[in-house]
Amino acid sequence: MKWHRIKALLIRYMYLNKRSLPRLMDIFYWPVLDLLLWGFLSFYLEKLNMGNLNVVTLLLGAIIFWDLLSQSQRAVAVSFLEEVWEKNLLNLFVAPLRISEFLVSTILIGFFRVILVGLVMGSLGLLFYHFNIIGQFGFYLIIFLLNLLIFGWSLGLLIIGFILRFGTSAQIIAFGFMVLIQPFSAVFYPVSALPESLRYIAYILPSTYVFEGMRAVIASSAFPWSQLGLALLTNAIYLVLTCWFFYRMFARIKEKGTIMRLND
Amino acid sequence: MYIVEVKNLTKKFRSVTAVDGISFGLPQGKIIGLLGPNGAGKTTTIQMLLDLITPTSGSIRIFGKELHSHREEILNKVNFSSPYVSLPSNLKVWENLNVFANLYGVKNIKAKIAELSDLFGIEDFMQKMTSLLSTGQLTRLNLAKAFLNDPELLLLDEPTASLDPDIADRIRKMLKKVQQDKGVTILYTSHNMVEVEEICDQIIFINKGRIVDEGTPTELVKKYGHRDMNDVFLTIVREGEAKELVVDIKKHTNEVA
Ligand SMILES: Nc1ncnc2c1ncn2[C@@H]1O[C@H](COP(=O)(O)OP(=O)(O)O)[C@@H](O)[C@H]1O
Ligand SMILES: [Mg+2]
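Observations regarding the overall build of chain A
At step 1: Within chain A, the secondary structure is distributed over eleven helices and zero strands.
At step 2: Its helices and strands taken in sequence order, chain A reads α-α-α-α-α-α-α-α-α-α-α from the N to the C terminus.
At step 3: In terms of overall dimensions, chain A is globule-like: its C-alpha atoms have a radius of gyration of 19 Å, near the 18 Å expected for 264 residues.
At step 4: Counting only C-alpha atoms, chain A reaches 60 × 45 × 30 Å along its principal axes.
At step 5: In chain A, which comprises 264 residues, the share counted as buried stands at 54%.
At step 6: Total accessible area on chain A is roughly 11,900 Å²; 72% of this is exposed by carbon and sulfur atoms.
At step 7: Measuring between centres, the 20 positive side-chain charges of chain A sit 9 Å from its 12 negative side-chain charges.

A look at the packing of aromatic side chains
At step 1: One pass over the full model with this rule turns up 22 aromatic pairs over all chains.
At step 2: Seen from their ring centres, A:Phe128 and A:Tyr129 are 6.0 Å apart, and the 85° between their planes marks the pair as edge-to-face.
At step 3: Here A:Phe128 falls in the partly exposed class, since its relative accessible area comes to 40%.
At step 4: Ring-pair connections join several aromatic residues into one group, and the members of that group are A:Phe80, A:Phe93, A:Phe102, A:Phe246 and A:Phe250.
At step 5: Over the aromatic face of B:Phe63 sits the side chain of B:Lys77, whose NZ or CZ is 4.5 Å from the ring centroid.
At step 6: Stacked on the ring of B:Phe100, the Lys or Arg B:Lys145 has its end atom at 5.8 Å from the ring centre.

Examining the pairing of strand β3 (residues 31-35) of chain B
All names here are of chain B.
At step 1: The buried count for β3 comes to five of five residues, which makes it a mostly enclosed element.
At step 2: Of the two faces of β3, both are covered, the one formed by Ile31, Gly33 and Leu35 as well as the one formed by Ile32 and Leu34.
At step 3: The sheet contact formed by β3 and strand β8 (residues 185-190) spans five bridges and is parallel. Considered in β8, the bridge of Leu34 is made with Thr189.
At step 4: Bridge analysis of β3 against strand β9 (residues 202-207) gives four bridges, and the strand direction is parallel. Residue pairing across strands places Ile32 opposite Gln202, the latter belonging to β9.

Description of helix α8 (residues 217-224) of chain B
Residues and elements named next belong to chain B.
At step 1: Those residues of α8 not exposed but buried are Pro217, Leu220, Val221 and Tyr224. The arc that holds every buried residue of α8, seen down its axis, measures 95°, which confines them to one face. Facing away from the buried surface of α8 by more than 90 degrees, the exposed residues are Thr218, Lys222 and Lys223.

Some remarks on the packing of helix α5 (residues 135-146) of chain B against helix α6 (residues 165-182) of chain B
All names here are of chain B.
At step 1: Relative orientation of the contacting elements α5 and α6 amounts to 15°, with a least axis distance of 11 Å. Taken together, the axes of α5 and α6 lie roughly parallel to each other. The interaxial crossing formed by α5 with α6 has right-handed handedness. Every residue of α6 that contacts α5 at Gly136, Thr139, Arg140 and Leu143 is listed here: Ile167, Ile171, Met174 and Leu175.
At step 2: Looking at the contact of α5 with α6 residue by residue, the class counts come to five nonpolar, two polar and one charged.

Rules of the game
Residues numbered from 1 in each chain as written. Chains lettered and ligands numbered in written order. Predicted model: local features only at pLDDT ≥ 70, side-chain atom pairs only at ≥ 80, totals over all residues. Heavy atoms only, no water. Helix = DSSP H or I, 4+ residues; strand = E, 2+ residues; numbered from the N terminus. Rg over C-alpha atoms; globule rule 2.2 N^0.38 Å. Buried < 20%, exposed > 50% of the residue type's maximum accessible area, 1.4 Å probe, protein only. Areas by Shrake-Rupley, 256 points an atom, 1.4 Å probe, with all protein chains shown as cover. Lys, Arg positive; Asp, Glu negative; His and termini not counted. Charge placed at Lys NZ, Arg CZ, Asp CG, Glu CD. Phe/Tyr/Trp six-rings, centres within 6.5 Å; stacked < 30°, edge-to-face > 60°. Lys NZ or Arg CZ within 6 Å of the ring centre and 35° of its normal. Pairing = 2+ DSSP bridges. Arc of directions from axis to C-beta. Axes fitted to C-alpha atoms, helices over the stretch in contact; angles between N-to-C directions. Parallel < 35°, antiparallel > 145°, perpendicular 65-115°, else oblique. Left-handed = near helix turned anticlockwise from the far one by under 90°. Contact = heavy atoms within 4.5 Å. Nonpolar A, V, L, I, M, F, W, Y, C, P; charged D, E, K, R; others polar.

Given below as structure tokens:
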């Protein structure tokens with residue numbers, strides 16, 4: 001792996017984003033709106049005074065974590081799509097760029113996006129709703145974020161694998177996948193709230209263990225190490241599978257000679 | 001010494017055989033024209049030489065090494081340009097060159113970009129968005145990108161397509177000069193006989209994925225007894241069609257009989 005090639009892709013990404021309002025909005029607009037929406041909702045719910053449930057912490061923690069997972073996924077998927085839209089894949093791979101270098105660059109971009117959006121949402125949460133995410137989760141925050149980041153990469157890889165396989169017309173379905181896993185990830189409610197038959201789906205998603213772990217920390221301040229173990233385990237499995245899938249699909253477009261035809 | 005050695009290279013896409021068992025060698029420092037009508041298999045051949053398309057069978061050696069297993073090492077010294085593949089439109093011209101200079105690990109990026117922008121006459125629009133360039137300007141930018149890594153082998157897929165004759169002529173002169181100054185080997189695809197006759201030292205003529213003839217422009221003209229390559233082009237292509245017609249008729253009469 002050569003750093004100068006990864007750096008080239010990071011520079012490209014920076015140029016692309018620094019003067020593009022839609023791209024900056026993609027990073028900041030949705031997270032900020034989500035935060036406002038769920039923040040006000042949780043304030044309202046808290047006023048209804050349902051037992052001693054800490055509604056603000058539960059819902060704001062959940063929406064911030066969910067948005068960070070989504071950022072990680074979008075960083076990988078959108079950086080790839082940008083090259084497809086601009087028909088730039090051929091220019092990139094005519095150079096000695098390796099697939100692994102391309103993937104590492106998107107992963108780094110995902111990392112920066114998660115940090116950036118995390119800072120923005122964290123500060124706004126503190127400012128508007130007195131919700132201190134660092135104070136709340138402390139060191140565990142790093143473990144939660146790491147798992148969300150990794151699962152986001154896997155989802156991103158899956159999506160770009162689909163786009164390599166079915167062309168850009170598949171992008172709507174591909175992004176819809178993110179929405180599909182939300183109800184099963186136990187984001188805003190525990191797994192026990194799901195019907196029994198659907199819990200199996202929840203338990204194969206790393207995100208579920210992060211959100212369950214988050215609630216466990218809020219409830220008892222004790223860290224659920226078994227949840228963490230399961231999150232890491234499922235994450236490792238998916239990362240290997242989606243990497244393999246992406247490499248397969250890339251080899252396939254070289255067979256089919258369609259590197260320039262993904263837009264059709 | 002051949003820079004590129006291709007043996008029995010074949011690419012089948014489902015029912016279409018785009019490239020059908022071609023073998024050739026590219027001598028160092030020459031401009032070789034890969035000539036043929038639309039659909040002859042030129043682009044497929046070039047993309048196989050860049051490891052962007054996996055061949056169905058056959059072998060490709062570049063700089064004496066097998067392409068696929070030495071991809072990174074080989075592509076470091078190769079580059080490609082085609083007006084059908086432009087650089088991202090949403091970056092400024094100099095930004096694009098900077099990104100690709102980094103990608104190729106160019107040592108002194110500023111000096112290199114200055115040298116190439118001067119060589120290809122693109123200094124005046126370095127600050128412009130790439131989307132605002134004209135076709136001729138884009139072609140020159142693509143060529144500048146293709147020289148960033150001082151390639152020893154340059155693959156150009158119809159480099160002057162969609163340019164007006166004046167600019168096309170200037171681009172050819174530029175390429176000829178760069179080839180002489182830098183000693184780079186160039187594979188140049190085209191369906192335009194006149195340009196190939198002007199710029200190439202050697203011509204490989206392909207039709208329907210097969211090599212139908214090769215030689216220097218003068219040799220080919222001599223052999224076919226025509227005044228220019230345009231006539232040669234028509235003769236070879238129509239000869240091919242006539243042969244097929246004969247085969248078809250024979251098949252047909254056999255079936256009937
Ligand atoms: N990815 C592909 N899938 C299927 N057929 C293809 C593909 N690429 C090229 N072909 C077919 O292969 C033949 C050669 O195409 P190409 O190499 O693009 O020719 P040229 O560049 O000489 O015009 C054509 O019949 C074309 O339709
Ligand atoms: Mg072509």
